[in-house]
Amino acid sequence: MNHAQASERVRELRTLLNKANDAYYQDASPLMSDREYDLLLEELRQLEEEHSLFSPDSPTGRIGGQPTREFPTVTHPVPMLSLSNTYSRGELDDFDRRVRNLLGHKSYSYMAELKYDGMAIRLRYEKGRLVLGATRGDGSQGDDITANIRTIQDVPLTLSGRPADLLEVRGEAYMELAAFAKMNSAREENGETVFANPRNATAGTLKLQDPSIVSRRPIRMFAYDLLLEDGDGERTQKEKLDLLEKLGFRVCEHRSLCPGIEDVHDIIEKWGRLRKNLPYETDGVVVKVNEERYRDILGQTAKAPRWAIAYKFEAERAVTRIHGITLQVGRLGTITPVAELDPVLLAGTTVKRATLHNEEEIQRKDIRVGDRIVVEKAGDIIPQVVSVVLQEDGERGGSFGMPEACPACSSKLVKLPEEVAWRCTNNQCPPQVRSRLEHFASRDAMDIDGMGEAVVDQLVTEQLVTAFPDLYRLDADDLIPLERMGEKSAANLIASIGKSREKPFEKVLYALGIRFVGITVARDLARAFPSIDALTDATEEELCAIDSIGPRIAGSVRSFLDQPDNLDMIRQLRELGLTFESELPETASDRFSGKTFVLTGTLPTLKRSEAQAHIENHGGKVTSSVSKKTDFVLAGDEAGSKLEKAKKLGLTIITENDFFEMIK
Ligand code: IVH
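All of these numbers come straight from a predicted model, not from anything done at the bench.

Brief notes about the site of the ligand
Argument step 1. Taken together, 14 residues surround the ligand, and among them Leu 114, Tyr 116, Glu 172, Tyr 224 and Lys 288 come closest.
Argument step 2. In the environment of the ligand, a nitrogen atom lies 3.0 Å from a nitrogen or oxygen atom belonging to the backbone of Tyr 116.
Argument step 3. Arg 136 is positioned with one of its side-chain polar atoms (N or O) 3.1 Å from an oxygen atom of the ligand.
Argument step 4. Within the complex, 90% of the 520 Å² of free accessible area of the ligand lies under protein.
Argument step 5. Going through the elements one at a time, strand 3 (110-116) and strand 10 (282-289) are the ones with two or more residues in the shell around the ligand.
Argument step 6. Ranked by the residues each element gives to the shell around the ligand, the list is headed by strand 3, at four residues.
Argument step 7. Partitioned by chemical class, the residues of the shell around the ligand number eight nonpolar, one polar and five charged.

Regarding the confidence of the model for the protein
Argument step 1. Here the protein averages 88 in pLDDT, and 93% of its residues register 70 or above.
Argument step 2. Overall, residues 63-69 carries pLDDT values under 50, and its contacts beyond four positions in sequence, including any with other chains, amount to 24 contacts.

Side note on helix 23 (residues 608-617)
Argument step 1. When helix 23 is considered as a whole, its buried residues turn out to be Ala 611, Ala 613 and Ile 615.
Argument step 2. Where the residues of helix 23 are buried, they touch helix 18 (519-528), strand 19 (596-600), strand 20 (621-623), strand 21 (632-635) and helix 25 (656-663).
Argument step 3. The positive-phi residue at the C-terminal boundary of helix 23 is Gly 619, with phi of around 85°.

Overview of unusual backbone geometry
Argument step 1. Even without being a glycine, Ser 410 presents a positive backbone phi close to 65°.
Argument step 2. Residue position: Ser 410 is located in the loop between strand 16 (382-389) and strand 17 (413-415).
Argument step 3. Despite not being glycine, Glu 638 has its phi angle at roughly 55°, a positive value.
Argument step 4. Within the fold, Glu 638 resides in the loop between strand 21 and helix 24 (641-649).

Quick look at a negative patch on the surface
Argument step 1. Together, Asp 537, Glu 540, Glu 541 and Glu 542 make up a negatively charged patch on the protein surface.
Argument step 2. Tallying contributions element by element places helix 20 (residues 540-544) first for the negative patch, with three residues.
Argument step 3. Relative to the assigned elements, Glu 541 resides in helix 20.

Definitions and limits used
All residue numbers here refer to positions counted from 1 along the written sequence of the relevant chain. With the structure being a predicted model, the display of local features is reserved for residues of pLDDT at least 70 and the display and counting of side-chain atom pairs for 80 or more, all residues being used for whole-chain, interface and lining totals. As a rule here, side-chain values come from all non-hydrogen atoms in the structure, and water together with hydrogens is ignored. The cutoff for a nearby residue is simple: one of its non-hydrogen atoms must lie within 4 Å of the molecule or strand. Here a polar contact is taken to be a pair of N or O atoms separated by no more than 3.5 Å, where protein atoms must pair a possible hydrogen donor with a possible acceptor and residues adjacent in sequence count only if both atoms sit in side chains. Values of accessible area rely on a 1.4 Å probe in the Shrake-Rupley scheme; residue burial ignores everything except the protein chains shown. Only runs of H or I of at least four residues qualify as helices and only runs of E of at least two qualify as strands under DSSP, and these elements are numbered from the N terminus. Three classes are used: nonpolar for Ala, Val, Leu, Ile, Met, Phe, Trp, Tyr, Cys and Pro, charged for Asp, Glu, Lys and Arg, and polar for all others, with Gly counted as polar. Confidence of the predictor in every single residue is expressed as pLDDT, which spans 0 to 100. Any two residues whose heavy atoms approach within 4.5 Å are treated as being in contact. Each residue is assigned to one of three classes by its accessible area relative to the maximum for its type, calculated with a 1.4 Å probe on protein chains only: buried under 20%, partly exposed between the two thresholds, exposed over 50%. Exposure above 30% relative accessible area and the absence of a salt bridge qualify a residue for a patch, where like charges join within 9 Å and nonpolar side chains (Val, Leu, Ile, Met, Phe, Trp, Tyr) within 5 Å. What counts as a salt bridge is simple: a side-chain nitrogen of Lys or Arg found within 4 Å of a carboxyl oxygen of Asp or Glu. We count Lys and Arg on the positive side and Asp and Glu on the negative side, and we leave His and both chain ends out. We put the charge of a Lys on NZ, of an Arg on CZ, of an Asp on CG and of a Glu on CD.

The structure is reproduced here in structure tokens:
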């Protein structure tokens, strides 16, 4: 390659990598896999070196993204470096050789930890209390996302034991695979965009401006480094991880102290095999020189320390052919396109289908029937189509387009503004009826034993049940003719349907399957409006006054309760003996009778809803705004304007501890 060609390629690579960086850090949705990124970056680095094509703003010269604008920027007193990556065992031996050469005859060991695939965060504790949580940003400056970080249950707000006056903890925020899959399917069902993988979901979530949404997302954290002011540098990584654990952090449970690099190879081999059994995603093993005192000798390059390296596993991917695209109809009518694949073995299971998420996603990746495609297990659970492998000579099928009619009931499909999903609006569309019934009978809803997918399918096909009330009118004789349904199982099913009448109002409300009304929202609604009549009378504003409810949920509840068919169904269910009133909890005491509380800020241990329940259990009332009539303001951390106002009005301000004293 001559100089002109090299500089052309360098320009191309810089543009591409800058775009990839922005997509990864700013939009939290990657353009390419880590592997592709690493390869392109390496190509760029080599070209720049060989042809002396340096530039200060080349992607080779910075660690990651720029901090985003919406959060205050913080400068990291100790930069947050990155790690050098390798996919090769040979390079791991090279790393060990370099360490040995630099350390001369000193004896050293390695700590091998799993590499969590999430987002790096930095926490600062003063006198044992969390005072700052930040993102890595570009390595020297990041975003102050303290309010979001406080919502992560694994992040202690106050440390245990006897912490130093000032300490910094670094770790990885991430999502467990099962929780990620559950969250994504709820999003898909609600017509919201789904996240490509747990890492994007974590990064996207921690960059939200509203901590109350963050608190409802399943973010977790592992701590992997501790920086102490004393900086005696005499600790080992092992001791630091043990200390972090004592301070109240979760640390890598699969850490191994390795006397030599051979032991590291064994650990890598082991986790390469076993990582699919872990509840979270790991994309490699981080190998660190265990003795902190050697870190200075080994030093660092501009971006990464020389005392550590990340060995990365190859993503589990396979290539196969897509022979069809089918459409699935969800409980609320959402249409999800699914790729039908020639069966292929991937990470230990045969994959025949993969989600294509939605029409836009198919068009963006330009996936067509007949194409050879790369399929990957996102979070090793849900297979998804990553990209098309273009054949040089191959003819391709036509582009995918959504049909105009529902594949199950032929009703016209609609796409609401602001939504990516198409939906079938026919309430009686059979797959919708089936999934509604499955949801109604599910454990968190009416918990009807023996009413699984197969039974629901028969009930709907035989037209025994088209709506919830029909269930309560069945008798055993209706069921016996069904396949694989003996007299005994018919009687059992009737008994469990009958027993479900005892389910409390909040479960019934959840079982109705109102869009955006999950278990928590249903509970909050039932608490605020203790009967279906009160709920039916509530305006959108009144609904929005509940903490967990915003205009989107309120609008959905209102529109459900405005439909005469739904009101008629509720009337029938009520006549059939289902519970549509909350049993009011017994008042524990009436010591707060006539007293009004305002809650503000984050309390150290109680959630807002728990504090409210305590107050109500003792006869008190919680209101949202501070006024002269407020008797107590229960204030936690980062209480803002309400606390200011309370001070101005000279109201009684109490801490969580005072509150506990009061209800003791
Ligand atoms: S140690 C000097 N340990 O990997 C950097 N990092 O590319 C020290 N990561 O940004 C990092 N698991 O977010 C370390 N057990 C682990 C890790 C880990 C995941 C992430 C971390 C860092 C990235 C490095």
